[in-house]
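# Coordinate inspection notes
If you want the building blocks of each chain, they are given just below.
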Amino acid sequence: MLKCTFMRQKPRFFRAVWGAFFARVDSGLLLALLLCLFALLPLLRPGLPNGTDVLYHVYRVAEMDRAWAHGLLLPRWAENFYYGYGSPVFHYYASFTYYLTSVLMRLLALDALNALRALIAVCVLLGGAGMYLLARVVWRHRAAGVIAALCFVYAPYMLFTEPYARGAYPETLALALLPLALWRFYVVLRDGRGLLLAAPLVALLILTHNLMALASFGLLAAWLLWHALTRAAGWRNLALAGAALAFGVGLAGYFWLPVILERGEVKLENLIAVAQLDFRNFFVPLAQLAAFSPRPDNGALNGLLHQLNMGVAQWGLALAALLGAPFGVRETAPPAQSRLRAFCALLSTPLWSNLLFFAFASLGLIFISAPLSASLWQNISALAYFQFPWRFLGPLAVTLALLAGANALWLARLPAAARRALLGLALLLPLGLALPTLYVPEWVHPQVDASIAAYQQAEVSGLQLGTTFSNEYLPQSVFVLAGPTPRLLADMADGYPVNRAHLEALPPGVQLELLEHGPQHDTWRVSAAEPFTLEVLTLYFAGWQAQIDGENVPVTPSDPHGFITIPVPAGEHTVRLFLGSTPARGLGGWLTLLAAGALVALARRVRRVTRALPEKWQDARENLWWAGAAAGALMLALAFFLLREGGAWVQSPPGTALPAQNRVDYRLGENTYLIGYDLNATSFRPGARVELVLYWYGAQPAPYKYQPFVHIGVPGVPPLAQAPGKDHPGGRPMTEWTPAGYIRDEHIIFLPETMPPGRYQIIIGLYTCETRPAGACGNGERPPVYAADGAPLGDALPLATISVGS
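Residues numbered from 1 in each chain as written. Predicted model: local features only at pLDDT ≥ 70, side-chain atom pairs only at ≥ 80, totals over all residues. Heavy atoms only, no water.

Of regular secondary structure, the protein possesses 25 helices and 19 strands. Its C-alpha radius of gyration of 30 Å places the protein within 12% of the 28 Å reference for a compact globule of 806 residues. Projected onto the principal axes, the alpha-carbon positions of the protein cover approximately 95 × 80 × 75 Å. Put simply, the protein has 806 residues, and 55% of those count as buried. Carbon and sulfur atoms make up 62% of the accessible area of the protein, which amounts to about 34500 Å² in all. (Helix = DSSP H or I, 4+ residues; strand = E, 2+ residues; numbered from the N terminus. Rg over C-alpha atoms; globule rule 2.2 N^0.38 Å. Buried < 20%, exposed > 50% of the residue type's maximum accessible area, 1.4 Å probe, protein only. Areas by Shrake-Rupley, 256 points an atom, 1.4 Å probe, with all protein chains shown as cover.)

Listed below in structure tokens is the structure:
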């Protein structure tokens, strides 16, 4: 009898437990995080792919961890970079990402590579949670939060390009923090509380990624200004939000102020001096922004391509939200005497104000990423330091996702059955259309040896140098970077202590004994019969200081290598070298302390006069969970059937390139073939951008490291336009090509503004200077070109004809 009574009450018991659980847990946040787990599918494989910056960050993570192991939690110097001569990379590059990976390495017993894998997972869940909280509080619907979270996490740029194709982990983390910062600032604008979270989030953005911090700051400041102009927030709350923004900047003062004041100490100008980083090559055509994600081709040796689209689901849902806004937004303005006053009054309502701001913000971010903004980039020289216009696709992913979340406003006014069906579709679309981005090709780093010896061997072999592309953190005192010092490399490979004194250059009779060594200091006992200059195999940089027997002595850079030199008098002395403070660093530290004190004082004062307002959500949990469960189940089925070759990705057989728009068959030399090409158009105007993709295949490795050339003009005369020079086709030395797959080789050519109308040929080929005497390359040695039937075509191939109009 007792058993039957319990069985009858069992459903009621479980409903009570379920209700109690969701009374304490935000069910929408839980659903959003569960649906974000699909984004972690690429991490089921061990290791990481061959992303552009992956190895840079693996080595930096390992270097930061070594500094932490020596008790140096906020290092400014990376002692093992540049052949062990050191680099101020942590002084100039925002390093919160590396602090976080050092924590993960200790908490989870991870190596550098797996710490970055864990960081990717943290970014996915953090970004999804932040986007949910932001959209929930802005649109007042849990469903809005879930839609926005999925649109953000599954945007192709966020899901594929940032963590895998680029391997830009600090930027990925900054973009994950941005929705959280926007959320906390909206709470300040709405309620006048939350300063103790809003300001530190701004500081974390600055400490995570230099350039994304500037973009995020601009978005936050524009949002506050918009609220001031539309009067969507009270002046008191606006003042508090502005104070939080200022205090956040101040909290990070110890980092950014020395960067600005000491920017002339390193070669930051190299960031815009390298032809390969010319911003004109990195605009995103509007058609590409709105395109479907292409299926990766596992048959390409370099098939890990940047996905510079935002996702069809994201665009569609954002547009649907804007079109449905008149039906869904219930806020109305008080009666006004004129249409202008009525419109201004409508703007002052929070929902309309936010909807219009993020629509305009999206348009602005699209504009600055697209070729339409080329003149803006050319006239505002500071923009060139962003390098890639498509870098603004990250903030665009935030604004589009937030707009997509506004669909919950009009969905809530539909009948229950229609609401559940359309909500399920809105959740499924960003999930299902992201399938091609859940497979990442070129997964070539199952593990990485990040030891000092392995890293420096990579530098010696030319694979890495200072973990930078353009040596932007090389001190200005270095006119010629010295080659590796074998004794120093061997000493560093053996582990601590390391004697950085240039022993090979010591005068005869000088005795030197190493007493102590750390990442940012050295101490020696020196005995010399006569005064001499001690050269240390550490690059000179602002802040390096020397003491002899406790007395300060000057340090100077050697010429031309920029090594630290210290004048040592005759006799026996204790010489100490250390990286100390500078006026800029001291000022930055004081700014951080003052900002922290002022923030705490203001937050305590505000807390006494402000009380938290109750949160009210305008949707039912049951509808959301039914829709989420249906979307999750369908996504599981799609992943099971389509996440395979022929579904989410393709595999070109050797010697073919399935993605090529035009299939061709030409042989260059003995074993190199051109098997296809893509061309963005055949008719252009002067000044237009020509985009050409060549598909190469090497039946065997080439005997030389040939370089490609692409000319536009008339055969027999100098070209009127040509692509910038490349060291290797597709970034891969031809001596390392294998017959397992093809090479995708992109070229961008800008036609001259004064180019006469007419028909011109695109002429391509290969050349090398390896067979010519130094300084006498000329046009180089070019392999002969043959048609498919073996007919010789000379040493250059007229590939296609284009027309240039007036």
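Trp-139 and Ile-566 are the most contacted members of the largest nonpolar core, which has 217 residues in total. The element that contributes the greatest number of residues to this core is helix H6 (residues 112-139), accounting for 17 residues. With residues up to four places along the chain from it excluded, the contact list for Trp-139 reads Ala-144, Leu-351, Asn-354, Leu-355, Leu-402, Gly-405, Ala-406 and Leu-409. Core analysis: the next-biggest nonpolar cluster, separate from the first, contains 33 residues, Val-710, Trp-737, Ile-762 and Val-804 among them. (Core = buried A, V, L, I, M, F, W, Y, C linked by side-chain atoms within 4.5 Å. Contact = heavy atoms within 4.5 Å.)

As a further point, take the packing of helix H9 (residues 169-191) against helix H10 (residues 195-208). It is at 9 Å that the axes of H9 and H10 come closest, and there the two elements cross at 160 degrees. For the element pair H9 / H10, the angle class is roughly antiparallel. The hand of the H9/H10 crossing is left-handed. Here Pro-170, Leu-173, Ala-174, Leu-177, Leu-178, Leu-180, Ala-181, Arg-184, Phe-185 and Val-188 of H9 come into contact with H10, specifically with Leu-195, Leu-197, Ala-198, Leu-201, Val-202, Leu-204, Leu-205 and Thr-208. Taken together, the residues of the contact of H9 with H10 break down into 16 nonpolar, one polar and one charged. (Axes fitted to C-alpha atoms, helices over the stretch in contact; angles between N-to-C directions. Parallel < 35°, antiparallel > 145°, perpendicular 65-115°, else oblique. Left-handed = near helix turned anticlockwise from the far one by under 90°. Nonpolar A, V, L, I, M, F, W, Y, C, P; charged D, E, K, R; others polar.)

The next subject is the sheet that holds strand S9 (residues 662-668). With antiparallel pairing, the six strands of this open sheet are ordered in space as S15-S12-S10-S9-S17-S18. Two strands lie at the open edges of the sheet, namely strand S15 (742-750) and strand S18 (792-794), each paired on one side alone. Relative to strand S17 (residues 785-786), S9 runs antiparallel, the two being bridged by two bridges. Along S17, the bridge assignment pairs Arg-667 with Tyr-786. (Pairing = 2+ DSSP bridges.)

In total, this model carries 31 aromatic pairs according to the counting rule given. Geometrically, the ring pair formed by Tyr-83 and Tyr-85 is edge-to-face, given 6.2 Å between the ring centres and 75 degrees between the ring planes. Joined through ring pairs, the aromatic side chains of Tyr-186, Trp-223, Trp-226, Phe-357, Phe-358 and Phe-360 make up one cluster. Its guanidinium or amino end placed over the ring of Phe-327, Arg-413 lies 5.0 Å from that ring's centre, counting from NZ or CZ. Seen from the ring of Phe-578, Arg-576 lies directly overhead, with NZ or CZ sitting 4.5 Å from the centre. (Phe/Tyr/Trp six-rings, centres within 6.5 Å; stacked < 30°, edge-to-face > 60°. Lys NZ or Arg CZ within 6 Å of the ring centre and 35° of its normal.)

Under the criterion given, the structure shown has 20 salt bridges. For Glu-171, the salt bridge identified is with Arg-391, shortest N-O distance 2.6 Å. Residue Glu-171 is located in helix H9, and its partner Arg-391 is located in the loop between helix H18 (374-379) and helix H19 (393-405); the two are separated by 220 residues in the primary sequence. Each member of the pair, Glu-171 as well as Arg-391, carries the same accessibility label: buried. For Asp-191, the salt bridge identified is with Arg-193, shortest N-O distance 3.4 Å. (Salt bridge = Lys/Arg side-chain N within 4 Å of Asp/Glu carboxyl O.)

Turning our attention to a nonpolar patch on the surface. A surface patch of nonpolar side chains, amounting to about 440 Å² of accessible area, comprises Leu-286, Phe-367, Leu-372, Leu-376 and Ile-380. Secondary-structure assignment places Leu-286 in helix H14 (residues 286-289). (Patch = residues over 30% accessible without salt bridge, like charges linked within 9 Å, V, L, I, M, F, W, Y side chains within 5 Å.)

What follows concerns the pairing of S15. Across the nine residues that make up S15, a large majority, seven, are buried. Across nine bridges, the pairing between strand S12 (residues 689-698) and S15 is antiparallel. Bridge pairing in S15 links Trp-696 to Ile-743.

Looking at where Asp-297 falls in the secondary structure, it is placed in the loop between H14 and helix H15 (312-328). For the buried residue Asp-297, which engages in no salt bridge, the nearest side chain bearing the opposite charge is Arg-663, 8.5 Å off. Among the polar contacts made by the side chain of Asp-297, one reaches the side chain of Ser-652 at a distance of 2.5 Å. (Lys, Arg positive; Asp, Glu negative; His and termini not counted. Polar contact = N/O pair within 3.5 Å; in protein donor to acceptor, adjacent residues only side chain to side chain.)

The next thing to look at is unusual backbone geometry. Between Tyr-496 and the following residue, Pro-497, the backbone shows a cis peptide bond with an omega angle of -10 degrees. Turning to its location among the elements, Pro-497 is positioned in the loop between helix H23 (486-493) and strand S1 (511-518). The residue after Asp-559, namely Pro-560, is reached through a cis peptide bond having omega 15 degrees. Structurally, the position occupied by Pro-560 is in the loop between strand S6 (556-557) and strand S7 (563-568). In the Ramachandran plot, Tyr-83 falls in the positive-phi region, its phi being about 60 degrees despite a non-glycine side chain.

Next up on the list: the state of the cysteines. By definition, a disulfide is the covalent link that joins the sulfur atoms of two cysteine residues. Throughout the structure, instances matching the rule amount to zero disulfides. Cys-123 takes part in no disulfide bond, and the closest cysteine sulfur, belonging to Cys-36, lies 12 Å away. Given a relative accessible area of 8%, Cys-123 falls into the buried group. Looking at the unpaired Cys-151, the closest cysteine sulfur is the one in Cys-36, lying at 11 Å. Cys-151 gets classed as buried once you look at its relative accessible area, which sits at 1%. (Disulfide = S-S within 2.5 Å.)

With that settled, the discussion passes to helix H5 (residues 96-108). For H5, with 13 residues, the first-to-last C-alpha span of 18 Å sits near the 18 Å given by 1.5 Å per residue. Within the sequence span of H5, burial applies to Phe-96, Thr-97, Tyr-98, Tyr-99, Thr-101, Ser-102, Leu-104 and Met-105. Buried-residue contacts for H5 involve helix H3 (54-69), helix H4 (89-92), H6, H9, H10 and helix H13 (253-261). Of the residues trailing H5, Ala-109 is marked for its positive phi of about 55 degrees. (Expected span 1.5 Å × (residues − 1).)

Direction vectors running N to C along helix H11 (residues 210-230) and helix H12 (residues 235-251) enclose 165 degrees, while the axes themselves pass 10 Å from each other. Taken together, the axes of H11 and H12 lie roughly antiparallel to each other. Both H11 and H12 take part in a crossing whose hand is left-handed. Only Trp-235, Leu-238, Ala-241, Gly-242, Leu-245 and Val-249 of H12 make contact with H11, whose side of the interface consists of Phe-217, Leu-220, Ala-221, Leu-224, His-227 and Ala-228. The residue inventory of the contact of H11 with H12, partitioned by class, reads 10 nonpolar, two polar and no charged.

Within the secondary structure, Pro-715 sits in the loop between strand S13 (707-713) and strand S14 (721-722). The class of Pro-715 is partly exposed, set by a relative accessible area of 48%. Put simply, Pro-715 and Tyr-760 are 45 residues apart on the chain and 8.9 Å apart in space, counted from C-alpha to C-alpha.

A word on the sheet that holds S6. Strand order in the open sheet formed by three strands is S3-S7-S6, with antiparallel pairing between adjacent strands. Of all strands in the sheet, those with a lone pairing partner are strand S3 (532-539) and S6, marking the two edges. Across two bridges, S6 lies against S7 in antiparallel orientation. Each bridged residue has a counterpart across the sheet, and for Thr-556 the counterpart in S7 is Thr-565.

What follows covers the side chain of Asn-80. Topologically, Asn-80 is positioned in the loop between H3 and H4. A relative accessible area of 3% means that Asn-80 is categorised as buried. Ignoring sequence-local partners within four residues, the contact set of Asn-80 consists of Glu-63, Arg-66, Ile-452, Tyr-455, Gln-456, Glu-459, Met-492 and Arg-500.

Let us look at the environment of Ala-313. Following the sequence through the fold, Ala-313 ends up in helix H15. Under the relative-accessibility criterion, Ala-313 is labelled buried at 5%. Between the C-alpha atom of Ala-313 and that of Leu-257, which follows or precedes it by 56 residues, the distance is 41 Å. Apart from the residues lying within four places of it in its own chain, the contact partners of Ala-313 are Leu-429, Pro-430 and Leu-433.

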